[in-house]
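# Residue-level structure breakdown
These are the residues of each chain, in order.
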2 protein chains.
Amino acid sequence: MRIPIDREQATPLYEQIAAFLRQSILSGSLAPETRLPATRQLAQDLGVSRITVENAYAALESDGLVARRAGSGTHVLPQDLLLPRQSGGSMEWPLWQRDALDAVQFTQAATGEDGDTVHPNLISFTGFGDPRMFPIAEFLKALKDVIYRDGYACMEFGDMRGYPPLRATIAHVLASQGVQTHPDNILITSGSQQALALIAQALLKPGDTVLVESPTYDGALDLFRAHQLKLIGCPADAHGMQVEQLEPLLQQHHPKLIYTIPNFQNPSGACLSLARRRQLIALAGRYNIPLLEDDFVGELRYEGRVQPALKALDPGGRVMYVGTFSKLLMPGLRIGFVVAEGPIYERLVQLKRVNDLATSTLIQRGLEVYISVGRYHAHVRRSSQVYRKRRDALVAAIQRYLPAGVHLVVPQGGLFVWARLPDGMSAARLLTLARAAGVEYAPGARFFVQTADGESYMRLNFATQTVEDIGEGVRRLGQAFNQLSQQR
Amino acid sequence: MRIPIDREQATPLYEQIAAFLRQSILSGSLAPETRLPATRQLAQDLGVSRITVENAYAALESDGLVARRAGSGTHVLPQDLLLPRQSGGSMEWPLWQRDALDAVQFTQAATGEDGDTVHPNLISFTGFGDPRMFPIAEFLKALKDVIYRDGYACMEFGDMRGYPPLRATIAHVLASQGVQTHPDNILITSGSQQALALIAQALLKPGDTVLVESPTYDGALDLFRAHQLKLIGCPADAHGMQVEQLEPLLQQHHPKLIYTIPNFQNPSGACLSLARRRQLIALAGRYNIPLLEDDFVGELRYEGRVQPALKALDPGGRVMYVGTFSKLLMPGLRIGFVVAEGPIYERLVQLKRVNDLATSTLIQRGLEVYISVGRYHAHVRRSSQVYRKRRDALVAAIQRYLPAGVHLVVPQGGLFVWARLPDGMSAARLLTLARAAGVEYAPGARFFVQTADGESYMRLNFATQTVEDIGEGVRRLGQAFNQLSQQR
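Residues numbered from 1 in each chain as written. Chains lettered and ligands numbered in written order. Predicted model: local features only at pLDDT ≥ 70, side-chain atom pairs only at ≥ 80, totals over all residues. Heavy atoms only, no water.

### Here we look at the overall build of chain A
- Helix and strand counts for chain A stand at 16 helices and 16 strands.
- Across the 488 residues in chain A, those meeting the buried criterion constitute 62%.
- A separation of at least 24 residues holds for 74% of the contacts in chain A among residues at least 6 apart in sequence.
- Here chain A has roughly 18100 Å² of accessible surface; of this, 50% comes from carbon and sulfur atoms. (Helix = DSSP H or I, 4+ residues; strand = E, 2+ residues; numbered from the N terminus. Buried < 20%, exposed > 50% of the residue type's maximum accessible area, 1.4 Å probe, protein only. Contact = heavy atoms within 4.5 Å. Areas by Shrake-Rupley, 256 points an atom, 1.4 Å probe, with all protein chains shown as cover.)

### Structural notes on the confidence of the model for chain A
All names here are of chain A.
- Per-residue pLDDT for chain A averages 88, and the proportion of residues at 70 or more is 93%.
- Ignoring residues within four places in sequence, the model shows residues 82-90, a span with pLDDT below 50, making 14 contacts including any to other chains.
- Considering only residues more than four positions removed or in separate chains, one finds that residues 106-112, a stretch of pLDDT under 50, has 16 contacts.
- For this predicted complex, the interface confidence score (ipTM) comes to 0.84, while the overall pTM stands at 0.86. (pLDDT = per-residue confidence, 0-100.)

### A look at helix 7 (residues 191-203) of chain B
- For helix 7 of chain B, built from 13 residues, the straight-helix expectation of 18 Å at 1.5 Å per residue is met to within 8% by its first-to-last C-alpha distance of 19 Å.
- Burial analysis of helix 7 of chain B places 13 of its 13 residues in the buried class, which makes it a mostly covered element. (Expected span 1.5 Å × (residues − 1).)

### Overview of the pairing of strand 10 (residues 319-324) of chain A
Residues and elements named next belong to chain A.
- With respect to burial, strand 10 is a largely interior element, 6 of its 6 residues being buried.
- Bridge analysis of strand 9 (residues 291-294) against strand 10 gives 4 bridges, and the strand direction is parallel. The residue of strand 10 that forms the bridge with Glu 293 is Tyr 321.
- Bridge count between strand 10 and strand 11 (residues 336-339): 4 bridges; the pairing is antiparallel. Residue pairing across strands places Thr 324 opposite Gly 336, the latter belonging to strand 11. (Pairing = 2+ DSSP bridges.)

### A look at the sheet that holds strand 12 (residues 407-408) of chain A
- One open sheet holds the 4 strands; their spatial order is 12-13-16-15 (chain A), and the pairing between them is antiparallel. Sheet topology places strand 12 and strand 15 (442-443) of chain A at the edges, where each strand pairs with a single neighbour.

### Quick look at the state of the cysteines
All names here are of chain A.
- Inspection of the entire model under this criterion finds 0 disulfides over all chains.
- Cys 234 carries a free sulfur, and the closest cysteine sulfur to it, the one in Cys 271, is 17 Å from it.
- The exposure class assigned to Cys 234 is buried, which follows from its relative accessible area of 0%. (Disulfide = S-S within 2.5 Å.)

### Points about the interface of chain B and chain A
- Contacts between chain B and chain A engage 117 residues on the former and 117 residues on the latter.
- Taken together, the two surfaces of chain B and chain A that pack against each other cover about 10400 Å², and 60% of this comes from carbon and sulfur.
- Among the residues chain B hides against chain A, the three largest losses belong to B:Arg2, B:Trp96 and B:Gln180. Together they make up 10% of the total.
- Applying the counting rule to chain B against chain A returns 2 salt bridges.
- A salt bridge links B:Asp222 to A:Arg353; the shortest N-O distance between them is 2.9 Å.
- Our count for the chain B to chain A interface comes out at 28 residue pairs in polar contact (both at pLDDT 80 or more). (Buried area = accessible area lost by both parts, 1.4 Å probe. Salt bridge = Lys/Arg side-chain N within 4 Å of Asp/Glu carboxyl O. Polar contact = N/O pair within 3.5 Å; in protein donor to acceptor, adjacent residues only side chain to side chain.)

### Some remarks on the packing of helix 5 (residues 136-150) of chain A against helix 5 (residues 136-150) of chain B
- Look at helix 5 of chain A against helix 5 of chain B: their axes get within 11 Å of each other, and the N-to-C directions meet at 175°. With respect to helix 5 of chain B, the element helix 5 of chain A is oriented roughly antiparallel. Across the interface between the two elements, A:Ile136, A:Leu140, A:Leu143, A:Lys144, A:Ile147 and A:Tyr148 from helix 5 of chain A touch B:Ile136, B:Leu140, B:Leu143, B:Lys144, B:Ile147 and B:Tyr148 from helix 5 of chain B.
- A class-by-class count of the residues in the contact of helix 5 of chain A with helix 5 of chain B yields 10 nonpolar, no polar and 2 charged. (Axes fitted to C-alpha atoms, helices over the stretch in contact; angles between N-to-C directions. Parallel < 35°, antiparallel > 145°, perpendicular 65-115°, else oblique. Nonpolar A, V, L, I, M, F, W, Y, C, P; charged D, E, K, R; others polar.)

### Focus: the packing of aromatic side chains
All names here are of chain A.
- Evaluated as defined, the whole model comprises 26 aromatic pairs over all chains.
- Both rings, one in Trp 418 and one in Tyr 457, keep their centres 4.9 Å apart while their planes meet at 5°; by these two values the pair is stacked. Note that Trp 418 is positioned in strand 13 (residues 416-420) and Tyr 457 in strand 16 (residues 457-461), a separation of 39 residues in sequence.
- Among the residues examined, Trp 418 registers a relative accessible area of 10% and is labelled buried. (Phe/Tyr/Trp six-rings, centres within 6.5 Å; stacked < 30°, edge-to-face > 60°.)

### Focus on the packing of helix 7 (residues 191-203) of chain A against helix 12 (residues 343-356) of chain A
Residue and element names in this part refer to chain A.
- One can describe the packing of helix 7 onto helix 12 by two numbers: an axis separation of 9 Å at closest approach and a directional angle of 110°. By the angle between their axes, helix 7 is roughly perpendicular relative to helix 12. Once helix 7 is placed against helix 12, the crossing between them reads as right-handed. In this structure, helix 7 uses Gln 194, Leu 198, Ile 199, Gln 201, Ala 202 and Leu 203 to contact helix 12, whose residues at the interface are Ile 344, Arg 347, Leu 348, Leu 351, Lys 352, Asn 355 and Asp 356. (Left-handed = near helix turned anticlockwise from the far one by under 90°.)

### Considerations on the relation of the copies chain B and chain A
- At an RMSD of 0.0 Å, chain B and chain A line up after a rotation of 180° and a shift of 0.0 Å along the axis. The transformation relating the two chain copies, once decomposed into turn and shift, fits a two-fold axis.
- Both copies share a contact surface, since 100% of the interface residues of chain B are interface residues in chain A too. (Least-squares fit on C-alpha atoms with pLDDT ≥ 70 in both.)

### Here we look at the nonpolar core
- Ranked by size, the top nonpolar core spans 158 residues in total, and within it A:Phe224 and B:Phe224 carry the most contacts.
- Residues within four places of A:Phe224 in sequence aside, it is in contact with A:Ala200, A:Val210, A:Val212, A:Leu229, A:Leu231, A:Leu257 and A:Tyr259. (Core = buried A, V, L, I, M, F, W, Y, C linked by side-chain atoms within 4.5 Å.)

### With respect to the side chain of B:Asn355
- Relative to the elements of secondary structure, B:Asn355 occurs in helix 12 (residues 343-356).
- Apart from the residues within four sequence positions on either side, B:Asn355 is in contact with A:Gln193, A:Gln194, A:Ala197, A:Gln201, A:Asn355, B:Leu198 and B:Gln201.

### Observations regarding the sheet that holds strand 5 (residues 209-214) of chain B
Residue and element names in this part refer to chain B.
- With mixed pairing, the 8 strands of this open sheet are ordered in space as 4-11-10-9-8-5-6-7. Strands at the two margins of the open sheet, each flanked by one partner only, are strand 4 (186-189) and strand 7 (240-241).
- As paired elements, strand 5 and strand 8 (residues 257-260) share 3 bridges and run parallel to each other. Within the sheet, the bridge partner assigned to Leu 211 lies in strand 8 and is Ile 258.
- Contacting strand 4, strand 8, strand 9 (291-294), strand 10 (319-324) and strand 11 (336-339), helix 7 runs over the sheet at an angle of about 155° to strand 10.

### Observations concerning the environment of B:Tyr387
All names here are of chain B.
- On the secondary structure map, Tyr 387 appears in helix 14 (residues 373-401).
- Since its relative accessible area comes to 1%, Tyr 387 is described here as buried.
- Here the alpha-carbon distance between Tyr 387 and Leu 415, two residues 28 residues apart in the chain, equals 7.6 Å.
- In contact with Tyr 387, not counting residues within four places along its chain, are Gly 129, Asp 130, Met 133, Leu 300, Tyr 302, Leu 415, Phe 462 and Ala 463.

Encoded structure:
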């Protein structure tokens, strides 16, 4: 135990030691039943006499903070904790701390969620895929197999680009999706979020401009805002980004990156048409702007014609393709990847290394053992069947329970239904009523560059709830609509 | 399967499909034995007739690329792979790619390691702790317990700051080390490297100056260089950073951060004296500079008096304390943490979220189940006993086998012996001979701001090899010294 003591202070050493331990116990940082070091040991550690430590322990005992038990040493007794947590205090922070706070916008759209009264059996239309679809016992078996097979190797750092056999498996999965790549052009990341973050670090500096679809994934907006980037939104419709409107935006704003989710977009569910895909690649090439393709659920198609990934149309090194196992398998795995070629790939590997050295080798190896191309496709098929039924249930329930003024385009895949409320209705105000009624969704503001543009939108995730709960949830949402109409 | 096809091209559709699949097979991205989609399915996916797909598959079959087996579909045959990997080509990258490369220094000190002839039974004095000290079977059991106990919850994202019970455990471990904190001031990171990276992102912008010990941890230097920061080294001796020399450096260079490893420093093994600790805190306060304390192996003390962490001497919010389970337990876990208070804590949480959302909840929960304060201390004691013997073996072997001109200070803990070679001898040149003789170490240049300052130093890790292999490794190193002397 390392206790700060000061031999030049007037306070006796035993009292300094006792004071430190007293504060540790009362603040809860030394938990009840913790055994204090033996007096001989602590005396040696601190370079004081054993009597000094004995005196300190005796003082704590007379305070009722510890008990000395014959043969088992000195233990902390349960206490009513007195001290507030440090962050909660009104302490004067050092000046650099106040500077750090001032320089940064903690921008997140106000959603009206805090302080809401919440129903005890809340049905939530938020989140991503349904983790109950994941065969958790089989994954545990894969972890066990890999620990027996690889021994201590699965506890070491491993290849900074990611476990090579897992990169090979990903290359095979991508090939089956029409994206031809080599394992040496794949970098494993901690979820797709880290892939986006590394690309932002590699290519952008504060004040640079990023062009995004409007609306788009709020986690990307938060990332770009945290890096103090300027955001330009390109309007989107039922066929994705309106690429026809792109060129004047590129000429006017000179973005350093175009971020797009071409398949079953988050939040809108739209798929970018093939003609727009070709046009987007051509424009990015003409204006020399890197394209970041976030293909978070491209395989979850329930009907309609598949579209090639932008990466598959890329004549070479223009598109960075980001994928993930989080949405389809398990968010808690934190395994995503980026495909890139050329100097940018090397730069991303370097940044991955300085950011966190590597993604957990144990999880990477477990995933590699668990997943094969065939197993992956079987999982996609199974998930698609289940999620399609849930989408249908959500659309039917909306038609049944919600006012006719609610507009939506039925998505052909993915996880989300994106709905526009009747004119003048606020999704944030509705949410407060909805949560009280026992249902929640993601209000639209957080997905827009200009949050006001999203006031009348809501995103409903249909993948995480059963068909029955979807019906019940939308019925409750209908109640909230009625209440809001009556308030107006 | 998503295959890019173009209906406006002169090339027939079946030939476009066949060409895409042919390249996928020859590049290895479609592996042998992969089953191609059923013709009906692919036709539907691509919006073409089934005959078109049949014709494409027939073309591939006549090329000897696939085999059609009755009842089990069309399979890829093994091939001699023909195409080079994409990164290896002499392709013209887009202009923005060349810009991205030019703007960045891929600085890592040249170490002369590449291209060396390496002995088949290399004894390596590199790395960190010994993963064989980690009870891997018990950790697997903890993972199993947590999966049965928590079910799908351990597959979800969880609290962005880290799994709350694990933060509570860390607070208890820290309290036992004399650092009083609250779980709400702890942020779990992907290893301590991510903690350093988040702090750099939070507080520094390109061109800012960071003050470090010289020498210091190469992973931190790489991180700071990747962010295009200026580095100022403060000289260090056997008692750590020479804090007496610090004030003029602060006045001259106005650093935005001081980075220090006060305990068993990497690479020097030195411990900062208590007087210097107090002086460092006072100076950081007076000049309003944040202190980053990297305590990567502070608990691994083999003798001598324990010193309080800088964090324990911090009157409030000046010091950010970074710790890790990687060195003591398993690098492959990728679990570290940072302790901070005030606005900077909130900023670090925000950056963690935009960088990778959260660290694997499964691993966090497994670690929390595995580790208790008592078990952690038992593990520290066991490791300390083993590593102390290895340190003694390394020091004895150096005295026996290496020339008298090799200087070192015996470290009182940690993982490393830091040795200075006889005048004029290059650790990088010696390394080439050493690797041929069957032993390696970390040459000194990579640990210095000015790499030339490290030419005559080597860092030897004594923790990862057995006592026997340490003796044999240093004997081989002695051979390399002899060879190098003869070359001169």
